[in-house]
Structures are given as C-alpha cells and as structure tokens.
Amino acid sequence: MKGFYKILILIAASASLLSCSTTRALQDDEYRLAKNRIEIENSKDFNPNLLSPYLKQKHRGWTPFLYVYNWTNGKGKGWDRFVQKIGVAPVVYDPDMVDSSIENMTSHLEYLGYYGSKITSEIGVRKRRVDVTYNVTLGKQYPIKDIEIILPAHGEFAADFLSDTASATIKTGSILSESALEKETERASTAMRNMGYYTFNKNHFFFEADTLSVPGSALLKMTVNEYTRNESPKDAEPIRKFYFNEVSIDYPKTLKIKTKVLKGLNTIIPGEVYSESQVNNTYSRLSALRTFSSVNVGMTQSDTNHVNSSITLSQSKMQGFKLNIEASTNSSGLFGISPQISYYHKNIFRGGEWLNLSFMGNFQFKFNDNVRSNEFGVSAGLSFPKFFPLPYRLFKGAIPRTDINLSYNFQDRPEYTRNIISTSFGYNGNVKNRFFYQVYPMQLNIVNLFDLDENFYKTLANDPFLRNAYQNHFDIGSGGTLYYTSNPESIPKSTYFYTRLQFDIAGNLLSAFKPLMRKDENGSGMIWNTPFSQFVRAELTLGRTWIFGKKGGQSIATRLLAGAGYAYGNSSALPFEKHFYGGGANSLRGWQARTVGPGLAPMDNSFVIPNQTGDMKLEANIEYRFDIVWKLAGAVFVDAGNVWTLQDNGGERDNESLFRISTFGKSLAADWGYGLRLNFGFLLLRLDLGHKIHDPARENRWVNPGKWFKRDNYALHFGVGYPF
C-alpha cells in the first residue's frame, strides 16, 4: 500500500499546484479574459464558429501551463524567467477590443449576405476573470430573383462564357452576398482561362444589385468588361483566346536526366489552346518526380494571342541515408531493439527512377541469459515514373508510378528458424496530394520453417491453431493501401483527420487449379511440395489530431484501429506472418510488442520469447501532447485494445482466446503513461513509459496504482517519430 499512498500524495501535490490562481501574474488593474461566447439570437442554423476568427481578442482554452505561468515569485529572476518560458501567459482583457470585435463581425456578416445585423456585448466579471458574451441578431438576406448578364459584343468570348453558365454557383434563388459573388468570379475566371483566355481574371467582373424594385428580393446585373476594376474604359482590350507557342525546359548541367522523360511529363503542347489546368498538371507531374528542389513554370505573352512557356528546374539532393530505431524494455528484463537503415537514390537510371535499399534488424534478449531472438531483413524497391505498359500521353493529370519490390527476411528464434522471400508488382500515386494509393495486383510470399525445437513441435501437434499457422506455405495474391488525409503537410499546423485501409487477398487464383495439384495429409493443394495459403485480411485506421494553443504547442491525437483476417478454402489458419499483435512503441505501450493477448489467454509458454498473436485486432489510443521548453515536449496517453482468434480449432486455449461479445470488456487490455519528445522538426525522438491498468491475462485484472512500478507492470519504449 505504500506505493498507493505515494500516488495519492503526488496527486494531492499536483492538485495543490494547479489550485494556484490563474490571475496571480496580473497587475492590480488588470483582468484575465476567461471566455468569449457568441450567441445567435434569431437563428438555430447559423454556426457561431464562423464569427470566432473575427474576434480581435481571443481567450485561451484550459491548459495546466496557465497555472505554471502564475508560479512566479515576483522577483523577476531566474525562477520567474523559467516558469514564464514554459508557462502560458493569461490574456489580459482589453475593453477596446470588444468594440473592434463587434465591427469586425458586423462587416463579415454583411460579406456573408446578412445586411443590417446587430451585435451587442455583455461583460461578466467574477473575481478577476472576465467573460464576454456577444449577442448577434442576424440581418436581412435577399434571394436573387433575376440575373442579367452583359458580355462583350464581339469575338468568341461571349459564346464560351455562356456555355459555362450551367456550372455557375450563383443562380436565381441564391442568397445575395459578396462572398458568393467572389467565389463565382474565381470559379468562372478559372474556367475561362482553361478555355484559352490567358489574360482573363476575376477583376473583369462588375456587379450591381437592386434590392428596392422587388421588396425582399434582389435583381442582379453581372457585367464582364474588357477592362478590369483597376482600369478605366480607355484601357479596354479585346478578351482573346490564346495558344501555347514555344516551350523551353532548363535545368542544371549537373543534373543527369533523360530529356524524353521531361517531355513526356510536360502537358504544355505548342499550337494547342492555352489551358491553365495543363500548366498546373505540368507543374504537378514534374514536382512528383521529387528529383527537383523547385519547379517553376513561367508563362510570357509573346504576341497578341500566343504565350511562351519557360520551365525551370532546380536540382535536389539525389541520394542519402535514413536511420530509424525503436527500443523497449519491461520490468521482467526483456530488452528489444529494432534498427533500420535505408539508402535511397531518386534518379538511379537518369529517368526519375527511385531506388530504395533497406536493412533492418529486430533483436530481443535478456542480459545474462543465452535465450534470444534475432531477425534480419533486406529489401530492395524500384519505382518508375510511369504506368507500365501505358504511354504518358494517356494520362491528363498525375501519372501513377510502377513499383517492383523484392525482400528477404531471416528469423532465428529459440523455437524455430524461418526464411521469407517476398516480391510484389504494382502501382502507387495520389489525387490532389490528399488521397494516396498503393495497389499491388501481384504479391508473392514463400515461407520456409526449419530447425523446429522438439518441445515446440510437440506443442504444434496439440494446438490446431499453431499447427496450421506455423508451417511452410506459399501464397500469391493481391493487396494494397488506401490513405486519405485532410492536411497533406508533412508537419500539420492545424487540426486534421486521416484514414488508412490496408488489404490482402491470396490463393483464389490458385484454388481454381487445386484439382490438378498434389495434396498433403490434410487435403490441401500444394505447389513445390508446399501448401498454398488462401485468406483475406484487412486493417482500417481512423485518426484525428486537434491542434490548439499558442503556436500550435498543444494537441490531442486519437486513433482507432480495427483489423481482421480469415482463412478459408485451402487454409484453416492465417499464415503466422499475417497475424495481428499488440504492444510495443506504437501500440499498447504498457506492454512490449507481442506480449498481450490473444483475448483472455495467459502467456503461451510454447514460446521462450513471447509471441502472442491473433486473427483480429481492435485498438484505441488518445494522447495529449504539449510543448515544455526549447525543443522538449511532453505527452500523456491512454491505450486500450487486444488481439483475438476468430476460428475455433478445438485447441486448449480457444475458449480464452476467441473473440466473444460476452467477454469483450474483460478481454480489453488498457494502459496509461507519459513521455518526453525532442522535436527538431526534421527529426523527433520519443521516450514513453507505459503502465498497465487492466491486464486480461490475470485473475485480478485491474492493476492498482501501488503496483504500477512493480515487476511486469510497465514498459519503457524509445522510438523515432510520433506513435500515430
């Protein structure tokens, strides 16, 4: 119980520190802005969050670092400077900002089409904290009853413009607003530039609105002039259709790249009608090579209706190395380390081909103990900037790349030795840099097990799940990964969402030839004296990260993961390398990798080094991240989940390992923990300590605080990058 009382004392001390006033650092005549509220008086449909960006003075949400800032002792020396550096200063209420906020919001409402809106403020003061409530009465809106369009009388512009009006976002019945007009002018001007009107832009549009002739409605007149809003009628010039003329591609002499590749990726063709989308496509396709540090596509008017294009490319770093490492240990003394080093070349054959060579290891051992597991792997991947066997000209936008991969993996465990040879052929690409895909029509794996330990071999004979999973096998099939993110930045600075789907299917094509194959004692069809695997497997990940606080210094990251695999036909169990596992630096951090589950099952003593796996996985994670000082950041997290088996093979452990709704709550593993991160922007180093809260493998599943630092109740992880 002593440990439990220590935890209580620590919690009490923390509560005492947090109970410090959040206004202590204020001057005598100052107040802290605690809350802004925006109340819409006459509409339930209007989202008040649309007005929040126009508040001149914003309050800060709750953060413990607001209390830290108030730990100052008033002497202005080292301690004060330290807590003010890591803390968050209170927002000092400024009454003048309230009036400015009302002006801002009123102007924005008019921009959105609410004319004559009224906003009043209510100031609430309690002690030295101020709450400001803005009461908004939305103004009148005017639906558009009729639209008159006036276009230049000569040339082909008028006909092209009218052909696009079906796509217009402003129609009769639309609400009149400057915002809507702005969006339509941007859309229409882009459409016209894609039809060849190189010099045309939104400033050629002029609008007049009449809200008096028809009470409650608006009559809109839209005029397209041959001069812009910044010009006068004397500056008018005909709006002409332009054509591409000369195209030049310039790059450093040190960059050795095939000219035919650059020409194939270029969609700006001399003699064709000018199109802004073709210019953008050329930029995107050349940038996607990742061979250039910058791509600039410049357009210059050469005469009255022609433009020249100048494409300038700057060379990037062609090759380099990447290093990744993860390490973990727990209170039982099991230590694991997983290093990986990769070499890349972005122009190996001078045509934008990417070569990636990777070497990995995974070592688990105990000090002063001869028992250990060693794993080595090498892989080679070659990616071509082309969709084989189709030519470039068939693709108007981004071109999928063709990937060829080959790998070899060797694992030496106390129970067995294993070889895996894998190869795949497929395509990868993206749509608008948000949706990414990797599709492999052909995947091949050959798995060979040998040097089986005698005791482990006997265990296999008595456990159908293990016996069917741990055997030589051969599988050929298809698979891929689909990924979407709402924020494509490498280091997002705003809230974002992502989802990832990975899938594999194998054996269906081979099953058609099963009647012609030799069979083993179980009736399974064999190729090269090895049964082929037949299964389907999928894993779905959903994640959302909320970024907030000063300069995005705080965030809450969440992840939900669900995966399952099912063997059928020629197989009665998933191949062991396709099993799911939990624990480790990126999963349930109270456990080391492969030490949790399946279900309620205790540790399987068939494995000297733990190797707990299953056919199904569910996991949820939440992590609060916050800056501390300099490059140092902290995190507090909670993880929950497990793996389970799905098929009852008559084994002794099936009753405990099978997924059942009735025992789902009991079989969930849960942990909590905290960590430190060193964030250098290009590199993030992570150290996490996880404590078990609920361990389904134990008779007394709940782990009380007094045992969090005891044997087999915590795990320490080192990693590179965020866990999710």
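What counts as what
- Residues numbered from 1 in each chain as written.
- Predicted model: local features only at pLDDT ≥ 70, side-chain atom pairs only at ≥ 80, totals over all residues.
- Heavy atoms only, no water.
- Helix = DSSP H or I, 4+ residues; strand = E, 2+ residues; numbered from the N terminus.
- Buried < 20%, exposed > 50% of the residue type's maximum accessible area, 1.4 Å probe, protein only.
- Contact = heavy atoms within 4.5 Å.
- Areas by Shrake-Rupley, 256 points an atom, 1.4 Å probe, with all protein chains shown as cover.
- Lys, Arg positive; Asp, Glu negative; His and termini not counted.
- Charge placed at Lys NZ, Arg CZ, Asp CG, Glu CD.
- pLDDT = per-residue confidence, 0-100.
- Pairing = 2+ DSSP bridges.
- Axes fitted to C-alpha atoms, helices over the stretch in contact; angles between N-to-C directions.
- Core = buried A, V, L, I, M, F, W, Y, C linked by side-chain atoms within 4.5 Å.
- Expected span 1.5 Å × (residues − 1).
- Arc of directions from axis to C-beta.
- Polar contact = N/O pair within 3.5 Å; in protein donor to acceptor, adjacent residues only side chain to side chain.
- Phe/Tyr/Trp six-rings, centres within 6.5 Å; stacked < 30°, edge-to-face > 60°.
- Lys NZ or Arg CZ within 6 Å of the ring centre and 35° of its normal.

**As for the overall build of the chain**
Turning to step 1, where the next piece is worked out: Along the chain, the regular secondary structure elements total 12 helices and 28 strands.
Turning to step 2, where the next piece is worked out: By its C-alpha atoms, the chain is 95 × 75 × 50 Å across when sized along the principal axes.
Turning to step 3, where the next piece is worked out: When each of the 724 residues of the chain is scored for burial, the buried share is 44%.
Turning to step 4, where the next piece is worked out: Taking as baseline every contact in the chain between residues at least 6 positions apart, the subset at least 24 positions apart corresponds to 64%.
Turning to step 5, where the next piece is worked out: For the chain, the accessible area works out to roughly 37500 Å², and carbon and sulfur atoms hold 55% of it.
Turning to step 6, where the next piece is worked out: The average position of the 81 basic charges and that of the 67 acidic charges among the side chains of the chain differ by 5 Å.

**Quick look at unusual backbone geometry**
Turning to step 1, where the next piece is worked out: Here the residue pair Phe388 and Pro389 is connected by a cis peptide bond, since its omega of 5° sits within 30 degrees of zero.
Turning to step 2, where the next piece is worked out: Among the structural elements, Pro389 can be located in the loop between β13 (372-384) and β14 (401-412).
Turning to step 3, where the next piece is worked out: Gly597 connects to Pro598 through a cis peptide bond whose omega is -5°.
Turning to step 4, where the next piece is worked out: Structurally, Pro598 is set in the loop between β23 (554-567) and β24 (616-629).
Turning to step 5, where the next piece is worked out: For Arg290, which is not glycine, the phi torsion reads 60° and is therefore positive.
Turning to step 6, where the next piece is worked out: On the secondary structure map, Arg290 appears in the loop between α8 (276-287) and β8 (292-303).
Turning to step 7, where the next piece is worked out: When its relative accessible area of 47% is taken as the criterion, Arg290 is described as partly exposed.

**Examining the confidence of the model for the chain**
Turning to step 1, where the next piece is worked out: Mean pLDDT over the chain works out to 90, with 91% of the residues at or above the 70 mark.
Turning to step 2, where the next piece is worked out: Below a pLDDT of 50 lies the segment residues 1-19, which in the model reaches 9 contacts outside its immediate sequence neighbourhood of four places, other chains included.

**Brief notes about the sheet that holds strand β4 (residues 144-150)**
Turning to step 1, where the next piece is worked out: Reading across the sheet, the 3 strands line up as β4-β6-β5 and stay open at both edges, with mixed pairing between neighbours. Bordering the open sheet on either side are β4 and β5 (205-210), each of which pairs with just one other strand. For this sheet, the mean angle separating the axes of adjacent strands, direction not counted, is 20°.
Turning to step 2, where the next piece is worked out: Two strands pair when backbone bridges link them, and β5 and strand β6 (residues 218-224) are joined in this way by 6 bridges, in the antiparallel orientation. Looking across to β6, one finds that Phe206 is bridged to Thr223.

**Some thoughts on the nonpolar core**
Turning to step 1, where the next piece is worked out: One finds Leu286 and Phe292 to be the most contacted residues of the largest nonpolar core, which totals 23 residues.
Turning to step 2, where the next piece is worked out: Of all elements in the fold, only α7 (259-265), α8, β8 and β9 (306-315) reach the threshold of two or more residues within this core.
Turning to step 3, where the next piece is worked out: Residue contacts for Phe292: discarding those within four places in its chain leaves Leu255, Ile257, Leu262, Leu286, Leu313, Ser314 and Ser316.
Turning to step 4, where the next piece is worked out: Of all hydrophobic cores here, the second largest spans 19 residues; its members include Leu33, Val98, Tyr114 and Val136.

**Details of helix α4 (residues 95-111)**
Turning to step 1, where the next piece is worked out: In this model α4 runs 25 Å from its N-terminal to its C-terminal C-alpha over 17 residues, within 8% of the 24 Å that 1.5 Å per residue would give.
Turning to step 2, where the next piece is worked out: What α4 keeps buried is the set Val98, Ser101, Ile102, Met105, His108 and Leu109. Buried residues along α4 cover an arc of 135° about the axis, so they all sit on one side. Summarising the geometry of α4, the exposed residues directed more than 90 degrees from the buried face are Asp96 and Glu103.
Turning to step 3, where the next piece is worked out: Each element contacted by the buried residues of α4 is listed here: β1 (32-40), β2 (118-126) and β3 (129-137).
Turning to step 4, where the next piece is worked out: A distance of 3.0 Å separates the backbone nitrogen of Asp96 from a side-chain oxygen at the start of α4, and that oxygen is part of Asp94.
Turning to step 5, where the next piece is worked out: Gly113 lies just past α4 and shows a positive phi near 105°.

**A closer look at the side chain of Ser342**
Turning to step 1, where the next piece is worked out: Here Ser342 lies in strand β11 (residues 334-345).
Turning to step 2, where the next piece is worked out: Ser342 sits in the buried class, given a relative accessible area of 11%.
Turning to step 3, where the next piece is worked out: Looking at Ser342, its side chain comes within polar contact range of the side chain of Ser358, at 3.3 Å.
Turning to step 4, where the next piece is worked out: Those residues within four positions of Ser342 in sequence are excluded, and the remaining contacts are Gly320, Phe321, Lys322, Asn356, Leu357 and Ser358.

**Brief notes about helix α6 (residues 178-193)**
Turning to step 1, where the next piece is worked out: Taking 1.5 Å of rise per residue, 16 residues should cover 22 Å, and α6 covers 22 Å from first to last C-alpha, within 8% of that figure.
Turning to step 2, where the next piece is worked out: Of the surrounding secondary structure, the elements contacted by the buried residues of α6 are α4, α5 (157-163), β5, β6 and α8.

**Description of the environment of Asn409**
Turning to step 1, where the next piece is worked out: Mapped onto the elements, Asn409 comes out in strand β14.
Turning to step 2, where the next piece is worked out: As a C-alpha pair, Asn409 and Ile421 span 12 residues in sequence and 6.6 Å in three-dimensional space.
Turning to step 3, where the next piece is worked out: The residues touching Asn409, leaving out its near neighbours within four places in the chain, are Met360, Glu375, Phe376, Gly377, Arg418, Asn419 and Ile420.
Turning to step 4, where the next piece is worked out: Within the structure, Asn409 has its side chain in polar contact with the side chain of Arg418 (distance 2.4 Å).

**Details of the packing of aromatic side chains**
Turning to step 1, where the next piece is worked out: Per the stated rule, a full pass over the model turns up 42 aromatic pairs.
Turning to step 2, where the next piece is worked out: Their ring planes at 75° and their centres at 5.1 Å tell us that Tyr198 and Tyr274 sit as a pair that is edge-to-face. Of this pair, Tyr198 sits in the loop between α6 and β5 while Tyr274 sits in the loop between α7 and α8; the two residues are 76 residues apart in sequence, bridging distant segments of the chain.
Turning to step 3, where the next piece is worked out: Since its relative accessible area comes to 5%, Tyr274 is described here as buried.
Turning to step 4, where the next piece is worked out: Taking the centre distance of 5.6 Å and the plane angle of 75° together, the rings of Phe425 and Tyr427 count as edge-to-face.
Turning to step 5, where the next piece is worked out: Following the ring pairs from residue to residue traces out a cluster consisting of Phe157, Phe161, Tyr197, Phe200, Phe205 and Phe207.
Turning to step 6, where the next piece is worked out: Across the ring face of Tyr344, the terminal group of Lys322 is positioned such that the distance to the ring centre comes to 5.4 Å.
Turning to step 7, where the next piece is worked out: Positioned over the ring face of Phe724 is Arg625, at 5.5 Å from the centre of the ring.

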